[in-house]
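Below, each chain spelled out in residue letters.
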Amino acid sequence: MNVNWKKNTALFLTSQTLSLFGTMLVQYAIMWHILLKTQSGAMMTIYIIVGVLPTFFTSLFGGVWADRYNKKHLINLADGSIAVASLAIAISLSAGMDSIALLMVAAAVRAMGQGVQQPAVNSLIPLIVPAEKLLRINGFNASIQSGIFILSPLASASLMSLAPLQTLFFIDVVTAAAAIAILYFLVKVPKTVSKKENAEKRSHFADLINGLKYIKTQKYLLRLIVISAIFMIVVGPVAILSPLQVTRNFGTELWRLSAIEIGFAGGMMSGGLLVGIWSFRNKAYSMGMANIACGIMTISFGLWTNFLPYLICMAISGIFLSYFNAPNMTLLQEKVSPDYLGRIFSIFTMLGCFAMPVGMLFFGPLGDVININYIMMGTGAVMFFLGIPFFISKTLREAGIKKA
């Protein structure tokens, strides 16, 4: 790489951090505004679905576009579309049009943009970062994102108490504009030569099918997708039912609910830094360790009768989750052919979108029928056993070896 990769990567991560901060700031503002205005569980469910399903469907195209077209331009187009929507909402709110439907549209546009942006971002990183530095950068990026997840709700709540809702949308426009400018003018992405021929003559559906065929030819990839899909589903109770478990087992004080959110995000932020300092040389072992450790911590959630050890285990879970996510992303960036990388990341994006509704529809009602402690112990056991294939599968072990 002719350019200074450290400076280039720092600029890229800065642009995406600004973009993510603005997005999360408005996302929390929309959610809380709807909650305070309607106090309706049904409306909150609709909001969550509206904020998730569009990402699932646009990821079908986003991955293909990331493999076909200029990734930097795709990221900026997605950011720009969201910024235009935010500006329209801000102007409408300033004119007195405080409509829940309008905010739902804003959430849907954001979700659509995410389905295009995320595969492009993840497949662009290996173009600007040396292969031997990918794990460290992915860990550092995960740490930044976790920090945003801690800061953004605090900032959103503070701003909502000081300024009208449209102010947050205007802030999102400014952060998006800054992110777009940094990426467009300052980040240098080397040109790549695609091995594909006549890509423009093929339909997007044909390219998507080719991506699925590619998965079939890569045994490690198929196994990794299956394990990741199951893991994303069984980790759902930690996100969905842990607040309810805390209120039932330890008390209804709001500080307890805030503590577990901050503890988990803080653990992920610490884990993102730690994974760049130390992890197994074989990424499969790091992911296996993470599954087993998260499983043990989740089982323990159903055993504690005191809040402090529960909170500590929640933070530890966040640490080990980073040891699954960062090596997983790095392995894909190293092993998957660049011509298919966008489509593979889009599949993982869709898995994440699929896991949340499945978790809500299954584990939510189940928590009213079965003691949540037992649900945690059961899903924790599944996580534990999901870690074993990373140690015993020759296919996964060979895939996890660092590239020469």
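Details of the structure are given in the entry above.
**Things to note about the environment of L308**
For L308, the position within the fold is in helix α14 (residues 307-335). Residue classification places L308 among the exposed residues on the basis of a relative accessible area of 52%. Taking the C-alpha atoms as reference points, L308 and F250, 58 residues apart in sequence, are found 10.0 Å from one another.

**Some details on the nonpolar core**
Counting 53 residues, the largest nonpolar core has L221, Y310, L332, V336, I344 and F390 as the members making the most contacts within it. Among the secondary structure elements, those contributing two or more residues to this core are α8 (204-217), α9 (219-234), α12 (254-277), α13 (283-301), α14, α15 (341-366), α16 (372-386) and α18 (394-400). If we skip the residues at most four places from it in the chain, L221 touches Y214, I215, L332, V336 and I344. Counting residues in hydrophobic clusters, the runner-up holds 23 residues, among them Y28, I34, A90 and I100.

**Focus on the side chain of S393**
Looking at where S393 falls in the secondary structure, it is placed in the loop between α17 (389-392) and α18. In this structure the side chain of S393 is engaged in a polar contact, spanning 3.0 Å, whose partner is the side chain of R223.

**Here we look at the packing of helix α6 (residues 134-162) against α14**
Pairs of packed helices are described in terms of their axes, by the angle between the two and the distance that separates them. In contact at an axis separation of 9 Å, α6 and α14 are set at 135 degrees when each is read in the N-to-C sense. In terms of orientation, α6 and α14 fall into the oblique class. Between α6 and α14 lies a crossing of right-handed hand. Contacts between α6 and α14 involve L134, L135, N138 and G139 on the former and, on the latter, A326, P327, M329, T330, Q333 and E334. Tallied by class, residues from the contact of α6 with α14 come to five nonpolar, four polar and one charged.

**What about the environment of D67?**
Its place among the elements puts D67 in helix α3 (residues 53-68). Spatially, the C-alpha atom of D67 lies 7.6 Å from that of P338, the residues being 271 residues apart in sequence. Among the polar contacts made by the side chain of D67, one reaches the main-chain amide nitrogen of G342 at a distance of 2.7 Å.

**Digging into the packing of aromatic side chains**
Under the defined criterion, the tally for this structure stands at 19 aromatic pairs. With a centroid separation of 4.9 Å and an interplanar angle of 85 degrees, the aromatic rings of Y184 and F185 are classed as edge-to-face. Ring geometry for F362 against F363: centres 4.9 Å apart, planes inclined by 75 degrees, an arrangement best described as edge-to-face. Overall, the relative accessible area of 6% leaves F363 in the buried class. Within the aromatic cluster, the residues linked to one another by ring pairs are W278, F280, Y285, F320, Y323 and F391. In this structure, R256 is placed above the aromatic ring of F307, and the distance from its NZ or CZ to the ring centre is 5.1 Å.

**Topic: a nonpolar patch on the surface**
On the surface, a cluster of nonpolar side chains totalling about 290 Å² of accessible area is made up of L222, V226, I230 and V382. In terms of residue count, the dominant contributor to the nonpolar patch is α9 (three residues). Along the chain, V382 turns up in helix α16. The exposure class of V382 is partly exposed, given its relative accessible area of 34%.

Parameters at a glance
Residues numbered from 1 in each chain as written. Predicted model: local features only at pLDDT ≥ 70, side-chain atom pairs only at ≥ 80, totals over all residues. Heavy atoms only, no water. Helix = DSSP H or I, 4+ residues; strand = E, 2+ residues; numbered from the N terminus. Buried < 20%, exposed > 50% of the residue type's maximum accessible area, 1.4 Å probe, protein only. Core = buried A, V, L, I, M, F, W, Y, C linked by side-chain atoms within 4.5 Å. Contact = heavy atoms within 4.5 Å. Polar contact = N/O pair within 3.5 Å; in protein donor to acceptor, adjacent residues only side chain to side chain. Axes fitted to C-alpha atoms, helices over the stretch in contact; angles between N-to-C directions. Parallel < 35°, antiparallel > 145°, perpendicular 65-115°, else oblique. Left-handed = near helix turned anticlockwise from the far one by under 90°. Nonpolar A, V, L, I, M, F, W, Y, C, P; charged D, E, K, R; others polar. Phe/Tyr/Trp six-rings, centres within 6.5 Å; stacked < 30°, edge-to-face > 60°. Lys NZ or Arg CZ within 6 Å of the ring centre and 35° of its normal. Patch = residues over 30% accessible without salt bridge, like charges linked within 9 Å, V, L, I, M, F, W, Y side chains within 5 Å. Areas by Shrake-Rupley, 256 points an atom, 1.4 Å probe, with all protein chains shown as cover. Salt bridge = Lys/Arg side-chain N within 4 Å of Asp/Glu carboxyl O.

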